[in-house]
Every structure is written in structure tokens, then in C-alpha cells.
Amino acid sequence: MHVGAFREAGAEVTALCGQSLEHTRTVAAREGIPLATPEVRELCDAVDAVVVASPDALHRQHVEVALDAGRAVLCEKPLTRTEEEALALVAKARASGRLCAVNFPYRMLPSFRALRSWLEQNPLGHLVVTLRNGFIRRGGEGPGPFVGASADWDGLSHLLDTVLWLARAEPLWIQASLSGRPVHTAALHIGLSSGAVAVITHAACPEPGLQGGWTLVGRDWEVGFSGGYVPSRNGWCVSPVRRFREGAWEDLAPGLEPRPGEREPWAQAHVETARRFLSALEGAPRSELATLEEATTVQRLLAAAVRSEQEGRRVTLAAVPPSPPPSPA
């Protein structure tokens, strides 16, 4: 996704880093990438900017190496495994003055961008998301760690960021019920600073792919659509976004689906992220790129969800003082 996206956005992909030198060389040869290395520092010496798409447990280490080398960084979600690690990265990125962003492709899908624009003039009351996830690794039901190889239970950070981004709000409290150790199914109620409440269910299911249902409700309107990854279609499909107001349904945004001769919607979302990242690298506004601070808010929510499950109660999130705008340097 990232190699194709940055090439489409106009960048030259000059180096690839992986854990196995032999495998990395094979992939680099297939993709036409000149340098293959197992050393992040060697990669940093060959590039102007770094995409961190390593396993979750290595994100902090690899972002720090890139920042120490003076490189701009786009990090895959989730930013880190813990809230504490995320806060440490925020401090390091601020001190470095380098451009840092986190990849949340929902922000770049046209359907979601149209919905966010509409919500700016139409106050949200409730947002309900039910996502059935066929990629989740089901853990045991007995005692054990809440987090396994995936730091966000195989994709929950995407939903959390999207909800906060759509609502233009900060989380105030969370009530969570988490099943499995590591967690494979989560039910969350989240109170937002806008007064809205988000209800999210993220469930491990046997059907391959992702199937999501979205319902948004305001005082005199509702919006509904579905979307997700459909293996049989080889890509992402989003139904038309429809709104109900004054007794009638109408389209708010057209649907998305893979089409012959066009880039698959999720891949195109990565292209949009790459374009905005490269533009920000040249000094343009960040244009919806997720900041490390926003990604840290997602980590705070994940950590608070664990506390809520452990304590059996609603957990209030501590207020975070406003941060200075990130430097595009």
C-alpha cells in the first residue's frame, strides 16, 4: 500500500527495511527498490522521509531512530503499544521539529470526508458503529494480557480516530466491556466533549473481511451507511451515505467500490495520505493528516477501556492541556 501510494504521489521509493535481509531483498527486487536492509539507520541514511509500517511493538523504536536521524515520519496505526510510549514519542517529535503523522485512511475516504463536512453544520447526538472483523486473532477467555501482538485489538484504533475526527470532539469518559485475553471483542460507550455519545462494538467473527454498519443521529435527522473490506470484491466497499430529514431519505455521498481500471478505494486513501504528507513536508498545511497528539488520544482511550473493564465502571479521562501546533519542518 505505502510503496504504491508514495510512488503515485510523486515520491521516489529508494529503500526498504525488513527483519529478514533475504526476504527484504526479494520484496525490494520485486518492487524495484534499490536498497534492501535490515537496519533502520541504514534506511534513514538513504531517504528524506520514513514510513514506519513495522509490527506494533516496534513502532516507538523505529520512529525514534528516524527522528534521531532528522527524518520526517509517517507511522502506521496504532502509534505505539501504550499511552506512555505515545506520550514519549509526542515529546520527542516536538523537540525534533520534524514532520510526524499517523496513517488513518478512513480520513481520506471521500464518503467519510463528505460526512464530516456535513456534520460541521448538523450537531451530532449519537454515533453507533458495529464492526464485524474477520482479521482478529481470537484469544483465550480466561486470565491473561489484554494486549497481544496487535496493540489495538486488530483495528479498533481506526474506529476510535474516525469517531473523534467526525465529531470534532475530545473523549471525556468511557465505559467498556472487553472479551478475550488478548481482547478480541470490545463494546464501548464514549462520552464526547461536544455532548455526543459514541457506541462502538468491534467483534471477532468467522466471516472473512470487515463488515461495518454506521448510524449517526441528530435532533431531527439520521444518517446511515455500511462499509468494509469484501474479499470477494478484492477491496473496500462503502454503500451510499444516506440521510433522513423531514420525512425523506436522500443521498449525502455516493458509494465506493473497486472498479476496473481504477485504484482500489483503500489504496487510493493511502495515495491521498501520501500526497498530503509530501505537501506538508514542503511546508503546506497538514490537511487532515493525523497528528501524534491525536494518535495519543486514541492510545489514551484504549488504556482507559482496559481500566474500565478491570474496575467495572465508567472511567473519566483526565483533561489534556492544549499543545502547540506541530511543526511542518
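An unreviewed UniProt entry lists the protein under the name Putative oxidoreductase, with Hyalangium minutum as the source organism.

Segmenting the protein into domains produces domain 1 (1-105) and domain 2 (106-257 + 297-309). Taking only C-alpha atoms into account, the centre of domain 1 sits 27 Å from that of domain 2. If you look at the interface, domain 1 gives 12 residues, while domain 2 gives 19 residues. Taking both partners together, domain 1 and domain 2 bury about 1200 Å²; carbon and sulfur atoms supply 53% of that area. Summed over the shared surface of domain 1 and domain 2, the number is 2 salt bridges. The partner of Asp152 in a salt bridge is Lys77, and the shortest N-O contact between them spans 3.0 Å. For the pair domain 1 and domain 2, the interface holds 9 residue pairs in polar contact (both at pLDDT 80 or more). Across the side of domain 1 that touches domain 2, the residue classes break down as 5 nonpolar, 3 polar and 4 charged.

Residues annotated in UniProt with the feature "domain: Gfo/Idh/MocA-like oxidoreductase N-terminal" (unreviewed entry) correspond here to residues 3-104. Helix makes up 46% of residues 3-104 and strand 19%, with an end-to-end C-alpha separation of 16 Å.

Attention now moves to the layout of surface pockets. Its volume calculated, the largest pocket comes out at about 1200 Å³. Ala15, Leu16, Cys17, Leu43 and Val51 are the residues nearest the centre of the largest pocket, which is lined by 43 residues in total. Only helix H1 (2-8), strand S1 (15-17), helix H2 (21-31), helix H3 (40-45), strand S3 (49-52), helix H4 (59-68) and helix H8 (265-281) provide two or more residues apiece to the lining of the largest pocket. In the lining of the largest pocket, the residues fall into 26 nonpolar, 11 polar and 6 charged. When its volume is computed, the second largest pocket comes out at roughly 770 Å³. Lining the second largest pocket are 29 residues; nearest its centre among them are Glu76, Lys77, Asp154, Gly155 and His158.

What follows is about H8. The first and last C-alpha atoms of H8 sit 24 Å apart over 17 residues, in line with the 24 Å expected at 1.5 Å per residue. A large share of H8 lies buried, amounting to 13 of its 17 residues. With its phi angle positive at about 105°, Gly283 sits one or two positions after the end of H8.

Time to look at the environment of Tyr106. Tracing the chain through its elements places Tyr106 in the loop between strand S5 (100-103) and helix H6 (110-119). Put simply, Tyr106 and Glu257 are 151 residues apart on the chain and 14 Å apart in space, counted from C-alpha to C-alpha. If sequence neighbours within four positions are ignored, Tyr106 has contacts with Phe112, His158, Leu159, Thr162, Trp165, Trp214, Trp236 and Trp266.

Right, let's get into the packing of aromatic side chains. Summed over the entire model, instances satisfying the criterion amount to 12 aromatic pairs. Note on Tyr106 and Trp236: the rings are 5.5 Å apart at their centroids and 90° apart in plane angle, and the pair reads as edge-to-face. You can see Tyr106 sitting in the loop between S5 and H6 and its partner Trp236 sitting in strand S12 (residues 235-238), a full 130 residues away along the chain. Judged by its relative accessible area of 6%, Tyr106 falls in the buried class. What links up through ring pairs into an aromatic cluster is the set Tyr106, Phe112, Trp214, Phe225, Trp236 and Trp266. Stacked on the ring of Trp173, the Lys or Arg Arg314 has its end atom at 3.5 Å from the ring centre.

So, about the nonpolar core. Leu188, Trp214 and Leu216 are the most contacted members of the largest nonpolar core, which has 95 residues in total. Viewed by domain, this core spans two of them, domain 1 (1-105) and domain 2 (106-257 + 297-309), each represented by three or more residues. Trp214 has contacts with Tyr106, Phe112, Leu127, Val128, Val129, Leu159, Thr162, Leu166, Val223, Gly224 and Phe225, leaving out every residue within four places of it along the chain.

Reading the values: rules and limits
Residues numbered from 1 in each chain as written. Predicted model: local features only at pLDDT ≥ 70, side-chain atom pairs only at ≥ 80, totals over all residues. Heavy atoms only, no water. Domains from an automatic or database assignment. Contact = heavy atoms within 4.5 Å. Buried area = accessible area lost by both parts, 1.4 Å probe. Salt bridge = Lys/Arg side-chain N within 4 Å of Asp/Glu carboxyl O. Polar contact = N/O pair within 3.5 Å; in protein donor to acceptor, adjacent residues only side chain to side chain. Nonpolar A, V, L, I, M, F, W, Y, C, P; charged D, E, K, R; others polar. UniProt positions renumbered as here; feature names shortened; annotations may be inferred. Helix = DSSP H or I, 4+ residues; strand = E, 2+ residues; numbered from the N terminus. 1 Å grid on protein atoms, 1.4 Å probe; cavity = no way out; pocket = protein on both sides within 12 Å on 5 of 7 lines; lining within 4 Å. Points joined across faces, edges and corners; volume = space filled by probe spheres on them. Expected span 1.5 Å × (residues − 1). Buried < 20%, exposed > 50% of the residue type's maximum accessible area, 1.4 Å probe, protein only. Phe/Tyr/Trp six-rings, centres within 6.5 Å; stacked < 30°, edge-to-face > 60°. Lys NZ or Arg CZ within 6 Å of the ring centre and 35° of its normal. Core = buried A, V, L, I, M, F, W, Y, C linked by side-chain atoms within 4.5 Å.

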